[in-house]
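Each chain, letter by letter, is given below.
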Amino acid sequence: MALPACAARALGPPLQPERGAPARTTCPRRHSRVEAELAASRPGSVAASVRAGPPRGVSRGFNSQPFLDEPLKASSSLAGAARTPLFALLPRGRRRRMHDLRRRWDLGSLCRALLTRGLAALGHSLKHVLGAIFSKIFGPLASVGNMDEKSNKLLLALVMLFLFAVIVLQYVCPGTECQLLRLQAFSSPMPDPYRSEDESSARFVPRYNFSRGDLLRKVDFDIKGDDLIVFLHIQKTGGTTFGRHLVRNIQLEQPCECRVGQKKCTCHRPGKRETWLFSRFSTGWSCGLHADWTELTSCVPAVVDGKRDARLRPSRNFHYITILRDPVSRYLSEWRHVQRGATWKASLHVCDGRPPTSEELPSCYTGDDWSGCPLKEFMDCPYNLANNRQVRMLSDLTLVGCYNLSVMPEKQRNKVLLESAKSNLKHMAFFGLTEFQRKTQYLFEKTFNMNFISPFTQYNTTRASSVEINEEIQKRIEGLNFLDMELYSYAKDLFLQRYQFMRQKEHQEARQKRQEQRKFLKGRFLQTHFQSQGQSQNPSQNPSQNLNLNANQNVTQNLIQNLTQNSSQKENRESRKQSPGQEQSDGSASNGTNDYIGSVEKWR
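Conventions and cut-offs
- Throughout, a residue's number is its position along its own chain's written sequence, starting from 1.
- In keeping with the model being predicted, local features are shown solely for residues with a pLDDT of at least 70 and side-chain atom pairs are shown and tallied solely at 80 or more, while totals for entire chains, interfaces and linings include all residues.
- Side-chain measures were taken over the full set of non-hydrogen atoms in the model, leaving aside hydrogen atoms and water.
- DSSP-based pairing: two strands are paired if at least 2 bridges between them are found.
- Helix numbering and strand numbering both begin at the N terminus, where a helix is a DSSP run of H or I of at least 4 residues and a strand a DSSP run of E of at least 2.
- Throughout, a contact is declared for two residues whenever any of their heavy atoms are within 4.5 Å.
- Angular values range over 0 to 180 degrees, each being the angle between N-to-C directions of two axes fitted as lines to C-alpha atoms, with helices fitted over their stretch in contact.
- Counted as salt bridges are all cases of a side-chain nitrogen of Lys or Arg within 4 Å of a carboxyl oxygen of Asp or Glu.
- Throughout, exposure labels follow a simple rule: accessible area from a 1.4 Å probe, protein chains only, divided by the maximum for the residue type, with under 20% read as buried, over 50% as exposed, and the rest as partly exposed.
- Each patch is built from salt-bridge-free residues with over 30% relative accessible area, joining like charges within 9 Å and nonpolar side chains (Val, Leu, Ile, Met, Phe, Trp, Tyr) within 5 Å.
- Using a 1.4 Å probe, the Shrake-Rupley method yields the accessible areas, and only the shown protein chains count as cover for residues.
- Convention used here: a crossover is right-handed provided that the path from the first strand, over the helix, to the second strand proceeds clockwise when the strands point away from the viewer.
- As used in this record, nonpolar core signifies buried Ala, Val, Leu, Ile, Met, Phe, Trp, Tyr and Cys residues forming a set joined through side-chain atoms within 4.5 Å.
- Polar contacts here mean pairs of N or O atoms no more than 3.5 Å apart (in protein, one a potential hydrogen donor and the other a potential acceptor; neighbouring residues in sequence count only if both atoms are side-chain atoms).
- Classification of ring pairs rests on two measures: the distance between centres of Phe, Tyr or Trp rings, Trp counted by its six-membered ring, which must be within 6.5 Å, and the angle between planes, read as stacked under 30 degrees, edge-to-face over 60 and tilted in between.
- Helix span is expected to be 1.5 Å times the residue number reduced by one.
- The term bend refers to the angle at a residue between two fitted axes, each drawn through seven residues, those ending there and those starting there.

A. How the structure looks around the sheet that holds strand E2 (residues 277–278). The four strands lie next to each other as E2-E1-E3-E4, forming an open sheet whose pairing is parallel. Both edges of this open sheet fall to E2 and strand E4 (430–433), since each of them pairs with a single strand only. Here strand E3 (residues 318–324) pairs with E4 via four bridges, running parallel. Considered in E4, the bridge of Ile 323 is made with Gly 432. Lying on the sheet, helix H14 (residues 437–448) is in contact with strand E1 (228–232), E3 and E4; it crosses E4 at an angle near 170°.

In structure tokens, the structure reads:
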């Protein structure tokens, strides 16, 4: 088999590059690099004094000394001279892959060596530090034989025990839920979790005068009975988050069964196959997509008890709840949602037994959806249901002829809708505000006597907050939603007054309970004290002494009454000193309620 010209030249006489440029070979490939390597492998040349190593561009690995520092070995030179021509005969792509492979191998070995040495040095330093600490602590025991080995084993056991305790603690108390891990509790008092979430003042000036019945919302909801909670879900008010709290975050005797991949959960009453919650995540959109007040009040009883005989239907109480939001933020959020392709075509808008006609409720777009619409086009549509949506969905539309605008003048229609929405909202079992998540949670728990597992989270950054609008556009949005603006102002005032009323009532009940406990403890102490004195005396006493004993008992009872009255008066004085701006008394909760309602006029 004939060798190529490259191989024949490699096995021929050595090259002499110092005489001039090397002659061109007959090999069709470029061999300038091969000729340089052959010249370097020539015995006796200057380049041959360097030990044969990897090709150009390949490192020599970790702990490699400079080439010129190593002694020249004939065997290595011969091996390099024999290896280099054969390596050069390989194709260029093969050589490049081999170079890359050797380079990666050398870098990997370098990283492994550095990591090994670093860990060894760290372990050595840690061993010395722990040894020094151990010798300081257990110095008197150092005289025991073979102490170094025992101390090392003991240190290792202590470190392993500490790591095991940390792992167990993280498993039992994950995250920041464990109260023992909150070190701030030892340095500063726990903040009030119900302080205003919107960074506004805790005290506000009420604009409306509500009665005690309007402020005290406490529903006798028996989940084992026949009552039903109905959630009126208004678009883009945070109702989806609140709806998930209702089915996943409430402490119940029989929690809702929620399966992975399914939106609806099964919320049955304990011992019954009947739901206690009518919402999107429990019964679905049974009355239509985002049904309003008019639809729910006529649809829910028929859906729940429609299959039963009228004589067998139980007398239910339907407790309606809802969530409201700032009108400007809600409007912008709905516009962004419509931009992404939302249409809500499945909404029925049934009123007075029929849906509206196309003339009564025209559409704002001609295609399948309104995706990509600019804000100006969204505001210019006169039939846009986003305008004053909260008032329309909370009012009784049958009072104004449903969607027929020719029944009454527009001004009278707006007034009737607003008053109806305010009345329905005030008489609802509960309503919350998106801007006050923790207060919403507190009022729901106090209203229905149901506690949530984890606290609500206040999200101040939403899609609506990312929209930058100027003052002119904001004024126009407020003008398009002037009814919602007035309703939200009314709802916010009622909401915050209910919160303050419930908090004050809770404080009064707690103070009254402490007073009763203090009275009971003082009375028990004085009674046991005088009874022990009477029993220690001689039982053979004359009648005069018995009369004196009865007199002493009467004095004891009077003393107990005086002490309890003085303690209650002292506590009331201290409470007035702590909160001079509020009227408080040591009477019942009803007296405290009258004081609160009376103070509303002073705040105004």
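There is more to say after this.
B. The arrangement of the side chain of Gln 390 in detail. In this structure, Gln 390 sits in helix H12 (residues 389–394). Sequence-distant contacts of Gln 390, defined by excluding residues within four places in its chain, comprise Ile 234, Thr 237, Leu 324, Arg 325, Pro 327, Arg 330, Asp 484 and Leu 487.

C. Structural detail: the pattern of salt bridges. Considering all chains together, one arrives at 14 salt bridges under this definition. Glu 253 is the salt-bridge partner of Lys 224, the closest N and O atoms lying 3.4 Å from each other. Separated by 29 residues along the polypeptide, Lys 224 in the loop between helix H7 (212–215) and E1 and Glu 253 in the loop between helix H8 (239–248) and E2 bring together distant segments of the chain. Taking relative accessible area as the criterion, Glu 253 reaches 63% and is therefore assigned exposed. Put simply, Glu 506 and Lys 446 hold a salt bridge, and the shortest N to O gap is 3.6 Å. Linking Glu 506 in helix H16 (residues 482–536) with Lys 446 in helix H14, this pair joins segments that are 60 residues apart in sequence. Residue classification places Lys 446 among the partly exposed residues on the basis of a relative accessible area of 30%. Each of Arg 269, Glu 274, Asp 305 and Arg 316 takes part in one network of salt bridges that share partners.

D. Spotlight on a nonpolar patch on the surface. Nonpolar side chains collect at one region of the surface, where Leu 156, Val 159, Met 160, Phe 162, Leu 163 and Val 166 lie side by side and expose about 570 Å² of accessible area between them. Along the chain, Leu 156 falls in helix H5 (residues 147–172).

E. Molecular detail of the pairing of E1. The buried fraction of E1 amounts to five of the five residues, a majority that puts the element mostly inside the structure. Covered by surrounding structure in E1 are Leu 228, Val 230 and Leu 232 together with Ile 229 and Phe 231, the residues of both alternating faces. Where E1 lies against E3, five bridges are found, and the strand directions are parallel. Of the residues in E3, the one forming a bridge with Val 230 is Tyr 320. In this view, the connection linking E1 to its parallel neighbour E2 by way of H8 has right-handed handedness.

F. Summary view of the nonpolar core. Grouped together as the largest cluster of nonpolar side chains are 74 residues, with contacts concentrated most on Phe 242, Trp 276, Leu 296, Ile 321, Leu 394, Phe 444 and Phe 448. Broken down by element, this core gets its largest block of residues, eleven residues, from H16. Once residues within four sequence positions are removed from consideration, Leu 394 is found in contact with Leu 232, Ile 234, Trp 293, Thr 322, Leu 324, Ser 420, Ala 421, Asn 424, Leu 425, Met 428 and Leu 487. Among the nonpolar cores identified, the runner-up in size contains 18 residues, and Val 328, Tyr 365, Cys 373 and Ala 386 belong to it.

G. Structural context of the environment of Glu 435. Its location among the elements puts Glu 435 in the loop between E4 and H14. In this structure the C-alpha to C-alpha distance between Glu 435 and Gly 238, which are 197 residues apart in sequence, comes to 9.6 Å. A polar side-chain atom of Glu 435 sits 3.1 Å from the main-chain amide nitrogen of Asp 326. Only 2.8 Å separates the side chain of Glu 435 from the side chain of Tyr 488, close enough to count as a polar contact.

H. Fine view of the packing of aromatic side chains. For the structure shown, the criterion picks out 20 aromatic pairs. When the ring of Trp 293 is compared with that of Tyr 320, the centres are 5.1 Å apart and the planes differ by 50°; the resulting orientation is tilted. Note that Trp 293 is positioned in helix H9 (residues 293–305) and Tyr 320 in strand E3, a separation of 27 residues in sequence. On the accessibility criterion, Trp 293 (15% relative accessible area) is buried.

I. Quick look at H9. In a regular helix each residue adds 1.5 Å, so 13 residues correspond to 18 Å; H9 covers 19 Å between its end C-alpha atoms and thus fits that length. The sharpest bend along H9 comes to roughly 35°, located at Cys 299, with the proline Pro 301 sitting one to four residues further on. Those residues of H9 that fall on the buried side of the exposure criterion are Trp 293, Thr 294, Glu 295, Leu 296, Cys 299, Val 300 and Asp 305. In this structure, the buried side of H9 is in contact with E1, E2, E3, H12 and helix H13 (410–427). Measuring from the side-chain oxygen of the N-cap residue of H9 to the backbone nitrogen of Thr 294 gives 3.3 Å; that N-cap residue is Asp 292.

J. Spotlight on unusual backbone geometry. Phi is positive for His 290, close to 50°, though the residue is something other than glycine. Mapped onto the fold, His 290 is located in the loop between E2 and H9. When its relative accessible area of 11% is taken as the criterion, His 290 is described as buried. Residue His 349 is not a glycine yet carries a positive backbone phi of 55°. Owing to a relative accessible area of 14%, His 349 belongs among the buried residues under this scheme.

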